Amino acid sequence: MTIKEKIQKKVEELKPEIIESMKKFISINSVNPRAGGPGEKEVAEFLMNLIKGWKFDLIKRYDAPDDAVPYGFRPNIVAIYKGSEGKRTIWIITHMDKVPAGDLSLWKYDPFNPVEEDGKIYGRGSEDNGASLIASIYGVKTIMDLGIRPKDNLGIVLVSDEETGSDYGIKYLIKQGIFDKNDLFIVPDSGNPKGDFIEIAEKSIMWLKIITEGKQAHASRPDIGLNAHRYGMKFSVFLDEYLHKKYNATNELFDYPKSSFEPTKKLNNVENVNTIPGTDVIYFDCRVLPDYNIDEIFNEILLLADDFSKKHSIKIKVEKIQFEQAAPPTSENSEIVLKVKNAIKEMRNIEPKVGGIGGGTCAALIRKEGLPAAVWATIDETAHQPNEYVKIENLINDTKVYAYLIANS
Ligand SMILES: [Zn+2]
């Protein structure tokens, strides 16, 4: 039997166990504490128990202290399967935290009680990031069960806190110095339904809060008020046009090849129609091409807000909500991208393409360290939505791709 056939056979044998572990992952509420959830402790315990009998040479917990949860820490799991040469490590990084279920009335089933239907398993965290987490660990198990020792070490990293900034997850692990400059990284946290898209670049993320302060008054007396809503709108429209015009570069690596500057959330200003609002708050979600420096853009926005404020005798403040400068892309000819490409081709018979996304995954933080990272998964892109699901077929096929990639490293 060829190695490909052995992997096919072994993963099919493991299929019932893979599905069971997938369901168990969904059934544990690991919603990020900064989004109101209980955090990752319980799911980390389940995963530690699951892999402890496997042939990992080392399993280690890195608990990041955090007062946001009653138990005081955020777990991170690192498991190593040593290679025959072991000169470097290929890391596969997935996250254990989930986003909240949102409006429960929009769900067909209980988001934390997995239901299998028509080849899909429904539940929160199924696609984001459960499927890739389960597929990557069972990819390693397949190789272990087949008795294969690849040349390179294989490292599984299960992190906390991906959904709210990664301070207690991948950023914490980077600070512990566990990654080496010769290592390669796979971050399966984005992809497409066909499984032929490898992400190598992300845009910078800049979320802005724009606060306009005027003077509240009765709507019939604009002469004694100062309408914060009017000037908030005027400034937002001005800023919207200004940014689009000035930062208009295109980069064909991205599906949406330009920077995006979108006014999004709007806070309620007054409860009643007949009051002139004294305060107005609007948000912008900006995804900026890596070609630009967002610190420079932000400083420019501050100057524009100052000018506008002086001109209209109003006060406009601009604050950063999320702010992450994109790292330089990973080269499409880098070894890790070629390895992922090759494994997809061999196991799936499809020709993968490379490109960029609006951001942001843990890969951005890895790339910032000057390390190469490829992002890939086969997903229907149901993340963060009601009725999030994973297709069992994708779960199994991705497991085979990981197994092949690991076996040939
Ligand atoms: Zn995710």
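Procedures and definitions
- Residues numbered from 1 in each chain as written.
- Predicted model: local features only at pLDDT ≥ 70, side-chain atom pairs only at ≥ 80, totals over all residues.
- Heavy atoms only, no water.
- Core = buried A, V, L, I, M, F, W, Y, C linked by side-chain atoms within 4.5 Å.
- Buried < 20%, exposed > 50% of the residue type's maximum accessible area, 1.4 Å probe, protein only.
- Helix = DSSP H or I, 4+ residues; strand = E, 2+ residues; numbered from the N terminus.
- Contact = heavy atoms within 4.5 Å.
- Salt bridge = Lys/Arg side-chain N within 4 Å of Asp/Glu carboxyl O.
- Donors = N, O, S within 2.8 Å, 3.2 Å for Na, K, Ca; no water.
- Tetrahedral: all angles 85-135°; square planar, octahedral: opposite > 155°, others 65-115°.
- Domains from an automatic or database assignment.
- Buried area = accessible area lost by both parts, 1.4 Å probe.

Participant: Would you mind going over the nonpolar core with me for this structure?
Facilitator: A general trend in soluble globular proteins is that nonpolar side chains are found buried together. Met22, Leu47, Phe56, Ile134, Ile137, Ile156 and Ile198 are the most contacted members of the largest nonpolar core, which totals 62 residues. Examining the composition of this core, we find that 10 residues originate from one element, helix H9 (residues 392-407), more than from any other. In this structure Met22 touches Ile121, Gly125, Ser126, Gly130, Ala131, Ile134, Val390 and Leu395, once residues within four positions along its chain are discounted. Within the second largest apolar cluster, 27 residues are counted, among which are Phe284, Cys286, Ile301 and Leu304.

Participant: Help me out: how do you make sense of the pattern of salt bridges in this one?
Facilitator: Per the stated rule, a full pass over the model turns up 32 salt bridges. Here Lys9 and Glu13 are joined by a salt bridge, their closest N and O atoms 3.5 Å apart. Residue Lys9 and its partner Glu13 are both found in helix H1 (residues 3-27); the two are separated by 4 residues, about one turn of the helix. Note on Lys9: relative accessible area 46%, which makes it partly exposed. For Lys266, the salt bridge identified is with Asp280, shortest N-O distance 2.7 Å. Separated by 14 residues along the polypeptide, Lys266 in strand S13 (residues 260-266) and Asp280 in strand S15 (residues 279-288) bring together distant segments of the chain. Note on Asp280: relative accessible area 1%, which makes it buried. Linked through salt bridges whose partners overlap, the residues forming this network are Arg34, Glu40, Asp66, Arg74 and Asp161.

Participant: Just checking my understanding: could you explain the coordination of the zinc ion for this structure?
Facilitator: As a benchmark, a tetrahedral metal site with four donors has ideal angles of 109.5 degrees, while an octahedral site with six donors has ideal angles of 90 or 180 degrees. For the zinc ion, every protein donor is listed as His95 (NE2), Asp128 (OD), Asp189 (OD) and Asp189 (OD), and the spread of their distances is 1.9 to 2.6 Å. In this structure, the zinc ion is surrounded by 4 donor atoms whose angles at the metal cover 52 to 145°, and the resulting shape is irregular. In the primary sequence, the donor residues of the zinc ion line up as H-x32-D-x60-D. On the criterion of sequence distance, the pair formed by His95 in strand S5 (residues 89-95) and Asp128 in helix H3 (residues 126-145) is long-range, its members being 33 residues apart. Given a relative accessible area of 1%, His95 falls into the buried group.

Participant: Explain the domain arrangement of the chain to me, please; I cannot follow it from the model alone.
Facilitator: Interface extent is often summarised as the accessible area lost during association of the parts. Per the domain assignment, the segments making up the chain are domain 1 (3-202 + 327-407) and domain 2 (204-324). Each of domain 1 and domain 2 has a C-alpha centre, and the two are 36 Å apart. Between domain 1 and domain 2, a total of about 790 Å² is buried, with carbon and sulfur atoms accounting for 56% of that surface. Per-residue buried area on domain 1 facing domain 2 is highest for Glu202, Gly356 and Gly358; these three make up 36% of the total on that side. On inspection of domain 1 and its partner domain 2, the count reaches 2 salt bridges. Lys171 is paired through a salt bridge with Glu324; the nearest N and O atoms lie 3.7 Å apart.

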